[in-house]
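Observations on chain architecture
Each chain is listed here by its residues.
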Amino acid sequence: MLACANVRKHWRSFLAALLATTFGAALISATLIVYDSSRPVVAPRLEGAAALILPAQAQNEFGNKADFIPWSAGQAGQIADDLSSVPGAEAVIIDRSFYAQPFVDGAPIEDEGAKEAGHGWSSAQLKPHRLISGVAPSNSTQIVVPSSVGISPGDPVSVNLASGIESFTVSGTLDGEGIYFADNVAAQLDPGVRAIGIVASPDSSIDDIVMKAEQRLGERGRIATGSDRAAFEPEFVSHRRNLGTQLVAAMSALGLFTTVFVVGSTLALAMSERRREIGLLRAVGASPRQVRRMVLGEAAAIGLVGGLVGAAFGVAAAPALRILLLNLDVQPPDFELRISLWPLLITVGIGVSVAMVGAWTVARSATRVAPIEALLAAAVERRPMTRPRWVAGLVALIGGVGATVLTATTGSDSRINTSIGAAMLLIVAASLLAPVVIGPIARIVTWPLERGSRSAAMMLVRTELTTSTRRAAATAAPVIAAVGFAVLLSGMVQTMGEAYPAEQAEQLRGLALVTSDGTAGLSDEVVAETGAGPVGTRAGLPTRVFVSRAANDVVVIDAVGSLDDRYAAPGQAVLDEPTATLLGVEAGESMSVQFVDGNYENVVVSQVLPLDPARGSFVLPRDAVRSHDPSALTDIVFLPEDQAPTHVTSGAKVEDAYSFALQDYMVDARLTIWLATVLMAMTVGYSGLAIANSLAMSAYRRGPDTAVLKASGGTARQLLSMAVGETVIVVAIGSLLGVLVTVPPLYGMAAGLSQVTGTEVGLHVDWPSVVWVVAGCSALALVATVTVTRRVLRVQAG
């Protein structure tokens with residue numbers, strides 16, 4: 001009860017902590033709702049399947065379950081025959097997916113799911129799709145296309161396959177997505193099978209179907225029903241879902257960390273303003289335990305209110321976050337929100353926990369307030385720095401300086417991380433030690449202003465800044481953090497954006513690259529047009545292979561089919577050292593490899609070579625890969641510049657090294673740039689709360705001083721100008737410190753990137769973004785100063 005009463009009494013002191021908790025809870029609530037909604041869902045084209053028969057899954061190099069191990073055409077046919085007589089099973093469908101992309105007017109219809117857009121016509125029963133016009137394909141020259149393509153039955157259409165562009169006749173159009181071929185064509189283009197669907201007859205029991213099917217299936221696979229069918233989702237959908245999950249996790253983690261920091265700093269400032277009150281409680285008999293319980297109780301009340309309000313705001317903000325993620329292409333197009341109770345309950349719990357964690361140090365400090373504090377009348381700070389703050393500040397400073405020095409001596413691989421850590425430590429050190437440095441800096445900054453001013457206002461500003469350094473530091477600290485993070489984040493993004501494309505362009509110097517243009521990859525037709533051969537060119541054909549290890553588990557590996565005579569000997573494979581270690585094989589040994597068509601081959605490990613991403617981790621002859629993976633696409637063809645083709649088929653383009661490197665980096669950097677922008681915006685928002693809170697508390701505490709100045713003849717305009725001038729100077733000092741402590745480590749990072757990339761890398765900072773951050777902090781500070789000062793003057797006038 002006492003805690004709630006204190007919150008009501010000192011609501012101004014707790015307002016920033018409440019707002020920070022509410023904002024953080026809203027962010028966490030929205031991200032948890034998105035995370036909960038990001039669970040895999042059943043692919044629309046499989047919704048008509050009562051059950052899916054799925055093979056076993058292989059492990060990736062990290063030991064996690066990954067690709068389904070495909071059945072061969074013979075195995076899948078036997079399983080389908082065994083299940084076809086299950087009572088209640090209307091149809092048992094062997095499902096196939098492969099690359100198919102229509103061309104209209106000579107240009108590809110862009111489709112991110114094109115690698116899995118082709119299917120056999122029998123798979124249409126798994127939706128089930130409905131023919132809008134025409135008939136099903138009856139031979140190898142006919143296909144059914146979506147009505148959205150705008151082609152009518154009887155019209156010719158060009159379809160790009162892994163072999164190249166082929167002509168078909170549209171036999172019909174349907175009301176769904178995908179390109180449907182005759183089943184015998186689909187079996188040729190995707191001989192391996194990863195799913196078999198069961199369509200239930202009307203009024204049949206799915207449980208009975210599953211029970212009978214399990215008896216006949218045995219150990220050859222497993223049966224998925226209901227939401228478990230989502231395990232078989234397209235690769236591009238799962239990739240986007242993973243990107244979105246990583247993004248919202250980063251946002252949630254940042255929101256959690258920043259909320260704890262802001263709540264802790266604002267509650268610490270509020271507690272410093274209440275030392276007399278706490279001293280009075282101690283004087284009348286309150287024990288340290290009771291004081292600590294009171295402070296934590298106040299924090300719990302703030303966290304509960306902030307958590308409840310933030311959870312409600314998070315529900316309202318989740319649709320906007322969904323739209324943002326869709327625009328960033330980090331969620332599948334059919335992504336929909338599902339509001340459930342557990343994210344809201346967790347949000348409220350996090351709100352209370354965050355406030356309690358932020359108040360823990362404050363509570364410990366409050367227990368050390370002596371009863372004599374209640375008798376002190378002086379408002380002048382007696383000790384700007386507490387011992388714990390000295391210790392923490394000096395430790396962070398020493399660590400930051402040491403890490404900055406290490407950037408000149410540490411290895412190139414760790415120099416980047418070291419410089420980032422140095423910047424973080426120096427930002428923390430500057431924030432903690434601000435009461436020590438802000439006084440001398442204020443003297444230097446205000447000296448020429450005081451000398452050039454005819455009024456006493458600047459003298460009063462200078463006196464206030466040099467005597468009440470703790471209050472000034474409370475305003476400067478969040479500015480230091482906001483500007484420091486802006487310089488750090490924008491510097492990292494800009495510098496890496498300069499370094500990595502330059503590194504890749506240097507590695508590709510003298511080469512021309514043929515890449516896809518609106519298609520999912522390069523067909524064999526395009527590769528042949530480039531003239532790629534065994535000497536001087538690279539045209540890797542990627543696939544996935546499955547290898548059994550001694551531990552009786554199956555590992556899936558990224559393999560590549562090569563034209564290079566050094567690695568393309570029939571019946572042999574070249575492995576890099578990490579892959580050989582993973583599989584437990586050595587040069588000269590033979591091993592059995594399963595391909596995506598479900599068939600096996602024995603290959604001899606001819607060489608084990610050092611890691612080389614340009615070569616590949618598991619290299620096979622290109623012809624061997626093509627024979628087992630008819631729908632594999634080449635990613636890029638690398639050619640000497642003097643051998644670059646002057647013309648390539650539509651769906652491909654020729655690029656120089658730098659253009660390719662820049663575009664390739666921007667694809668990966670798009671999320672990084674956006675995330676850095678969001679982090680800067682969040683930092684400014686949180687810092688604005690802390691700035692507004694510290695300025696408001698300082699203005700209210702200086703109310704008696706303001707009354708004296710007003711009684712001495714000071715006008716409201718003069719007093720307001722003095723408050724604004726003090727705020728501007730403090731924000732300027734905080735901005736300066738934020739830049740000064742961040743730039744040196746960034747130079748170290750640039751030097752590290754120079755070594756890593758082998759190119760000359762200078763420091764690049766997005767100064768316009770930094771200016772916007774400074775302007776945002778200044779605007780928030782000035783609004784808070786003007787609003788509170790005017791209120792104080794009105795109260796005194798009344």
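Along each chain, residues carry numbers from 1 onward, in the same order as the chain's sequence is written. Reporting of local features is limited, given that this is a predicted model, to residues whose pLDDT is at least 70; pairs of side-chain atoms are given and counted only at 80 or more, and all residues count toward the totals for whole chains, interfaces and linings. To get the side-chain values, take all heavy atoms of the structure and skip hydrogens and water.

**Let's talk about the overall build of the chain**
On a plain count of helices and strands, the chain comes out with 21 helices and 23 strands. For the exposure calls, accessible area comes from a 1.4 Å probe over protein chains only, and a residue counts as buried if that area is under 20% of its type's maximum, exposed if over 50%, partly exposed in between. Buried residues in the chain amount to 49% of all 798 residues. Contacts were defined at the residue level, with two residues in contact if any of their heavy atoms lie within 4.5 Å. Sequence-distant contacts in the chain: of pairs separated by 6 or more residues, those separated by 24 or more amount to 81%. The method behind every accessible area is Shrake-Rupley, applied with a 1.4 Å probe, and residues are considered shielded solely by the protein chains displayed. Total accessible area on the chain stands at roughly 36000 Å², and carbon and sulfur atoms take up 59% of it. Each helix corresponds to a stretch of at least 4 residues labelled H or I by DSSP, and each strand to a stretch of at least 2 residues labelled E; elements are numbered beginning at the N terminus.

**Brief notes about the pattern of salt bridges**
Whenever Lys or Arg places a side-chain nitrogen within 4 Å of a carboxyl oxygen from Asp or Glu, that contact is recorded as a salt bridge. Summed over all chains, the structure comprises 12 salt bridges. For the salt bridge of arginine 544 with aspartate 558, the shortest nitrogen-to-oxygen distance reads 2.6 Å. Remark: aspartate 558 occurs in strand E17 (residues 554-562) and arginine 544 occurs in strand E16 (residues 541-548); sequence separation between them is 14 residues. The salt bridge involving aspartate 612 is made with arginine 615; its shortest N-O contact spans 3.8 Å.

**Description of a nonpolar patch on the surface**
Distance thresholds for patches are 9 Å for like charges and 5 Å for nonpolar side chains (Val, Leu, Ile, Met, Phe, Trp, Tyr), applied to residues having over 30% relative accessible area and no salt bridge. Nonpolar side chains collect at one region of the surface, where Trp390, Val391, Leu394, Val395, Leu397, Ile398, Val401, Val405, Val436 and Val437 lie side by side and expose about 820 Å² of accessible area between them. Listed by contribution, the elements that provide at least two residues to the nonpolar patch are helix H10 (387-406) and helix H12 (434-452). Counting residues per element, the nonpolar patch draws most heavily on H10, at 8 residues. Position of valine 391 among the secondary structure elements: in helix H10. For valine 391, a relative accessible area of 48% corresponds to the partly exposed category.

**A few points about the confidence of the model for the chain**
With 84% of its residues at a pLDDT of 70 or more, the chain shows a mean pLDDT of 82. The predictor's confidence in any single residue is recorded as pLDDT, a number from 0 to 100. Taking the mean pLDDT of every element in the chain, the minimum, 50, falls on helix H1 (residues 2-9) and the maximum, 96, on strand E12 (residues 179-181).

**Focus: the packing of helix H3 (residues 73-83) against helix H5 (residues 206-217)**
Between the N-to-C directions of two axes lies an angle of 0 to 180 degrees, each axis being a line fitted to C-alpha atoms and, for a helix, fitted only over the stretch in contact. Contact geometry for H3 and H5: axes closest at 9 Å, N-to-C directions at 135 degrees. Between H3 and H5, the crossing angle belongs to the class labelled oblique. The two elements H3 and H5 meet at a crossing, and its hand is right-handed. Contact residues: Ile79, Asp82 and Leu83 in H3; Ala213, Arg216 and Leu217 in H5. Working rule for angles: under 35 degrees goes down as roughly parallel, over 145 as roughly antiparallel, 65 to 115 as roughly perpendicular, anything else as oblique. Left-handed is the label given to a crossing in which the near helix is rotated counterclockwise from the far helix by less than a right angle, and right-handed is the label when the rotation is clockwise.

**Overview of the sheet that holds strand E14 (residues 222-225)**
Here, strands pair whenever DSSP counts at least two bridges between them. The sheet built from 4 strands is open, its strands ordered E4-E13-E1-E14 with antiparallel pairing. In the strand order of this sheet, the two ends are held by strand E4 (89-95) and E14, each with one partner. If you compare each strand with its neighbour and ignore which way they point, the axes differ by 25 degrees on average. Where strand E1 (residues 51-54) lies against E14, 4 bridges are found, and the strand directions are antiparallel. Pairing of isoleucine 53 across the sheet is with isoleucine 223, part of E14. The sheet strands contacting H3 are E1, E4 and strand E13 (195-200), and the helix crosses E4 at an angle near 175 degrees.

**Quick look at the side chain of threonine 543**
Note on placement: threonine 543 falls in strand E16. When near neighbours in sequence (up to four residues on either side) are disregarded, threonine 543 contacts Ile557, Asp558, Ala559, Val596, Val625 and Asp629.

**Some points on the packing of aromatic side chains**
The rule is short: rings of Phe, Tyr and Trp, with Trp giving its six-membered ring, pair when the centres are within 6.5 Å, and they are stacked under 30 degrees, edge-to-face over 60, tilted in between. Taken as a whole and judged by the stated rule, the model has 4 aromatic pairs. Measuring from centroid to centroid gives 5.4 Å for phenylalanine 98 and phenylalanine 181, while their planes differ by 55 degrees, and the two rings are tilted. Residue phenylalanine 98 is found in the loop between E4 and strand E5 (101-104), and its partner phenylalanine 181 is found in strand E12; the two are separated by 83 residues along the sequence. Side by side, phenylalanine 98 and phenylalanine 181 carry an identical accessibility label, which is buried. With 5.9 Å between their ring centres and 85 degrees between their planes, tryptophan 121 and tyrosine 180 make a pair best called edge-to-face. Remark: tyrosine 180 occurs in strand E12 and tryptophan 121 occurs in the loop between strand E7 (118-120) and strand E8 (131-134); sequence separation between them is 59 residues. Judged by relative accessible area, tryptophan 121 falls into the partly exposed class, the value being 21%. A relative accessible area of 0% places tyrosine 180 in the buried class. Cluster of aromatic residues (ring-pair linked, three or more members): Phe98, Phe168 and Phe181. Lying across the ring of phenylalanine 638, arginine 538 places its NZ or CZ 4.2 Å from the centre. Charge over a ring is defined by NZ of Lys or CZ of Arg lying within 6 Å of the ring centre and within 35 degrees of the ring normal.

**Considering the nonpolar core**
Val487, Leu746 and Val773 are the most contacted members of the largest nonpolar core, which totals 31 residues. Put simply, the parts of the chain that give this core at least two residues each are helix H14 (469-507), helix H18 (657-701), helix H20 (716-757) and helix H21 (767-797). No other element matches H14, which puts 11 residues into this core. With residues up to four places along the chain from it excluded, the contact list for leucine 746 reads Val487, Leu488, Gly491, Met492, Leu763 and Val765. Throughout, nonpolar core names a set of buried Ala, Val, Leu, Ile, Met, Phe, Trp, Tyr and Cys residues whose side chains join them through atoms within 4.5 Å. Ala573, Leu575, Leu620 and Val625 belong to the second largest nonpolar core, which has 20 residues in total.

**Observations concerning the environment of isoleucine 302**
Along the chain, the position of isoleucine 302 falls in helix H8 (residues 288-327). Along the primary structure isoleucine 302 and methionine 356 are separated by 54 residues, whereas in three dimensions their C-alpha atoms are 9.2 Å apart.

**Thoughts on the sheet that holds strand E22 (residues 636-640)**
The 3 strands lie next to each other as E22-E15-E23, forming an open sheet whose pairing is antiparallel. Since the sheet does not close on itself, it has two edges, and those belong to E22 and strand E23 (652-656), each with one partner. Each strand of the sheet is rotated relative to its neighbour by a mean of 25 degrees, with strand direction disregarded. Both strand E15 (residues 511-516) and E23 contribute to a ladder of 5 bridges, which runs antiparallel. Pairing of threonine 515 across the sheet is with lysine 653, part of E23.

**Topic: empty space enclosed by the protein**
Think of a 1 Å grid over just the protein atoms. A cavity is a set of points where a 1.4 Å probe fits yet cannot get out, a pocket is an open set with protein on both sides within 12 Å along at least five of seven lines, and lining residues have an atom within 4 Å of a point. Grid points are joined across faces, edges and corners, and a volume is the space filled by probe spheres set on the points. On inspection of all chains with the given rule, the structure shows 4 cavities of 30 Å³ or more. Here the second largest cavity defines a volume of roughly 60 Å³. In terms of lining, the second largest cavity is formed by Phe103, Asn160, Ile165, Thr519, Gly521, Leu522, Ser523, Glu525, Val526, Thr649, Ser650 and Gly651. Classification convention: Asp, Glu, Lys, Arg as charged; Ala, Val, Leu, Ile, Met, Phe, Trp, Tyr, Cys, Pro as nonpolar; all other residues, Gly among them, as polar. Partitioning the lining of the second largest cavity into residue classes produces 4 nonpolar, 7 polar and 1 charged.

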